Amino acid sequence: MTDPRDPRGLAADAPLLDGWLRFTARASAGELTPMSVPGHKQRRDLTGDVTAGDAPLYGGVDTIKHADELLADAEGRAARLWGADWCRFSVAGSTHGNQALALAAGEPGRPIVITRALHRSLLLGLVLAGLDPVWVLPGVDPATGLPGPVPVAAVRDALARHPDACAVFLGDPSYVGTTGDLAGHAAAAHQAGVPLLVDAAWAAHLGFHPGLPPHALAAGADAMVTSAHKVLPAYTQGALVLARTDTGRLGSAGRDRARLHPARLDPARLDRAFEATHTTSPAGAIMASIDAARALLARDGEDLCGRLLRVVAAARDRLRQVPGLDVLDGPGVEPAKLVVLLAGTGAHGIAVENDLIAAGMPVEMADRDTIIPIVTLADDDDTVARFTATLAGIIEAHRGPPRQPVPAASWTVIPEMAMPPREAFFRPNETRSAAAAVGRVSGELVAPYPPGVPVLAPGEVITAEALEALRAAQADGGRIAYAADPTLATFQVIARS
Ligand SMILES: Cc1ncc(COP(=O)(O)O)c(C=O)c1O
């Protein structure tokens, strides 16, 4: 008999989901008197329903404390689905996954060829791992102001200049859904004998429908990080890190390199890097939801991704009918990503966002010229049609003279690195007014969020352009995150010794 808490009967193929269903059924039946964490002990009379459904992975969802039997089974199923030979489930998002891969990629002081359009989590991964970035920059499309992919030629060039680089680390699809030539990047990396690592936080659905691009591993990458909670119906924070650790396909140069640097995507090293910053108390519900999302993709992925593609295509058609409104589309754009281009309507994205929030329809990201709603496997014709109708109405209320889009600060950074991020992170700081900070070396990471791409990173010179771009993002209603002084009146700079 199907458990009504598992309406699609996924538990038969999802060991952690099955474990969660069993544990929580016993807890609700009052069969448990746990003398173990979590401290709520399944009671509802203290903090109430906020802990409903919470179950520890160890000693709760999984059979024996720390035996990891069900976990290994679930992760193995995910590895097989993505064609990987190593997989770990994380309760700490792609943030943790990115940092785990950075810790697995090389040794302190080694260069890594890495996109400057990176999420701040990855920049902190460089701090943790002590890797020295060799930045590669995405192109920016002047027509939309949005970033495209990093050109393969830029990666090849960086690898040629830094033959001691330990890896190539890119983000694909980008935050705005633009996709690059991952097969070309994989070939470039492998010819140089290094792995290609991909932050695919937004791309857990890729590869599960003929209308979608292949996922990063299928395109030739050696490892990818993806958030199960972004496009798949998993618990917030759920993420997967997947890797192919065989070196057979790297060619002889790659195999020689692998012998020289045996820690390169070695499964044991990946495990150590993953465990280094993962909690010792993973929430069983999050882990079980990653397992359930994987089982759903395996069984119904093509149908659900087909629906996703259909509703996003319909939304694009509908929104294009609004005078002046455009959407990102065409080759090199992830077809399930909806990116709304407002400049031609004159409406200000932050004003539109505020009205959407008031209408109960918060979006993932808005800046002056762009709105990014996230459409997921959970959406259908009805939710997306209601959203597009509401958005169209709100835009009418905010119409203004059409304008040229201006690329956001996050996409136009041209970093001037004075010292590696790790060195800068640990140096003493001093507080300086914005004017006095120009020309000094930043001690802090400053990023408009979303998208969370640092405009200033520790170790980078604070240029007048960066300051102006941050002020513009703030004046346009963007949130300036991670800065000690989010008003931008002062900055933390590296103290002069
Ligand atoms: C490109 C990219 N990578 C990583 C992350 C971090 O993901 P998470 O929130 O799952 O930690 C994000 C978050 O939005 C992101 O946009």
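Use the structure listed above.
What you see is a predicted model; the values in this text were computed from it and never measured.

Colleague: Looking at this model, I keep getting lost on the overall build of the protein chain. Mind explaining?
Modeller: Along the backbone of the protein chain there are 15 helices and 17 strands. Whereas a compact globule of 497 residues would reach a radius of gyration of roughly 23 Å, the protein chain reaches 23 Å, a difference of no more than 12%. Projected onto the principal axes, the alpha-carbon positions of the protein chain cover approximately 65 × 60 × 45 Å. A sequence separation of at least 24 residues applies to 69% of the contacts in the protein chain between residues at least 6 apart. Just so you have it, the protein chain exposes about 19,800 Å², and 55% of that area is on carbon and sulfur atoms. Looking at charge distribution, the protein chain has the averaged site of its 44 positive side-chain charges lying 3 Å from that of its 55 negative ones.

Colleague: For this particular structure, what's the right way to read the packing of aromatic side chains?
Modeller: Aromatic ring pairs: the centre-centre distance and the angle between the two ring planes describe each pair. In this structure the tally under the stated criterion is five aromatic pairs. Centre to centre, the rings of Tyr-175 and Trp-202 are 5.6 Å apart; their planes meet at 90°, and the pair counts as edge-to-face. With Tyr-175 in the loop between strand E6 (168-171) and helix H7 (182-191) and Trp-202 in the loop between strand E7 (196-199) and strand E8 (223-227), the pair connects residues that are 27 residues apart, well separated along the chain. The burial state of Tyr-175 is the same as that of Trp-202; both residues are buried. Here the basic side chain of Arg-116 rests over the ring of Trp-135, its NZ or CZ set 5.2 Å away from the ring centre.

Colleague: What is the right way to look at the packing of helix H4 (residues 93-105) against helix H5 (residues 120-129) in this model?
Modeller: Each packed pair of helices is defined by two parameters, the angle between the axes and the distance between the axes. Between H4 and H5, the shortest axis-to-axis distance is 8 Å and the interhelical angle comes to 35°. In this structure, H4 crosses over H5, and the sense of that crossing is right-handed. Contacts from Ser-94, Thr-95, Asn-98, Gln-99, Ala-102 and Leu-103 of H4 reach H5 at Ser-121, Leu-122, Leu-124, Gly-125, Leu-126, Leu-128 and Ala-129. Here the residues of the contact of H4 with H5 are counted per class, giving seven nonpolar, six polar and no charged.

Colleague: Is there a simple way to think about the site of the ligand in this case?
Modeller: If you check the shell around the ligand, you find 13 residues, and the closest are Thr-95, Asp-199, Trp-202, Ser-227 and His-229. One of the side-chain N or O atoms of Trp-202 is found 2.8 Å from an oxygen atom in the ligand. At a separation of 2.8 Å, an oxygen atom of the ligand approaches a polar side-chain atom of Ser-227. Burial of the ligand by the protein amounts to 86% of the accessible area it has alone, namely 390 Å². Spatially, the ligand is embedded in the largest pocket. In terms of residue class, the shell around the ligand is made up of four nonpolar, seven polar and two charged.

Colleague: Explanation requested: the sheet that holds strand E11 (residues 340-341) in the structure shown.
Modeller: Through backbone hydrogen bonds, the strands of a sheet pair up, either in parallel or in antiparallel fashion. Read from one edge of the open sheet, four strands run E10-E11-E13-E12, paired in antiparallel fashion. Sheet topology places strand E10 (326-327) and strand E12 (365-366) at the edges, where each strand pairs with a single neighbour. Bridge count for E12 against strand E13 (residues 370-372) is two bridges, and the pairing is antiparallel. Across the sheet, residue Met-365 finds its bridge partner in E13, namely Ile-372.

Colleague: Explanation requested: the sheet that holds strand E9 (residues 239-243) in the structure shown.
Modeller: Spatially, seven strands are ordered E1-E9-E8-E7-E6-E2-E3 in an open sheet, and the strand pairing comes out mixed. Among the strands making up the open sheet, the edge pair consists of strand E1 (86-90) and strand E3 (132-136). Strand-to-strand twist across the sheet, computed as the mean angle between neighbouring axes with direction ignored, equals 20°. The sheet contacts of helix H3 (residues 69-81) involve E1 and E9, and relative to E1 the element is tilted by about 120°.

Colleague: Help me understand the pattern of salt bridges in this model?
Modeller: Counted under the stated rule, the structure contains 27 salt bridges. The salt bridge partner of Glu-31 is Arg-26, with a shortest N-O separation of 3.1 Å. Judged by relative accessible area, which is 41%, Arg-26 ranks as partly exposed. When the shortest N-O distance is used, the salt bridge between Arg-310 and Asp-381 registers 3.0 Å. Here the residue Arg-310 occupies a position in helix H10 (residues 284-320), and Asp-381 occupies one in helix H12 (residues 381-397), the gap between them amounting to 71 residues. Judged by relative accessible area, Arg-310 falls into the partly exposed class, the value being 44%.

What counts and what doesn't
- Residues numbered from 1 in each chain as written.
- Predicted model: local features only at pLDDT ≥ 70, side-chain atom pairs only at ≥ 80, totals over all residues.
- Heavy atoms only, no water.
- Helix = DSSP H or I, 4+ residues; strand = E, 2+ residues; numbered from the N terminus.
- Rg over C-alpha atoms; globule rule 2.2 N^0.38 Å.
- Contact = heavy atoms within 4.5 Å.
- Areas by Shrake-Rupley, 256 points an atom, 1.4 Å probe, with all protein chains shown as cover.
- Lys, Arg positive; Asp, Glu negative; His and termini not counted.
- Charge placed at Lys NZ, Arg CZ, Asp CG, Glu CD.
- Phe/Tyr/Trp six-rings, centres within 6.5 Å; stacked < 30°, edge-to-face > 60°.
- Buried < 20%, exposed > 50% of the residue type's maximum accessible area, 1.4 Å probe, protein only.
- Lys NZ or Arg CZ within 6 Å of the ring centre and 35° of its normal.
- Axes fitted to C-alpha atoms, helices over the stretch in contact; angles between N-to-C directions.
- Left-handed = near helix turned anticlockwise from the far one by under 90°.
- Nonpolar A, V, L, I, M, F, W, Y, C, P; charged D, E, K, R; others polar.
- Near = heavy atom within 4 Å.
- Polar contact = N/O pair within 3.5 Å; in protein donor to acceptor, adjacent residues only side chain to side chain.
- 1 Å grid on protein atoms, 1.4 Å probe; cavity = no way out; pocket = protein on both sides within 12 Å on 5 of 7 lines; lining within 4 Å.
- Sits in = over half its atoms within 2 Å of the grid points.
- Pairing = 2+ DSSP bridges.
- Salt bridge = Lys/Arg side-chain N within 4 Å of Asp/Glu carboxyl O.

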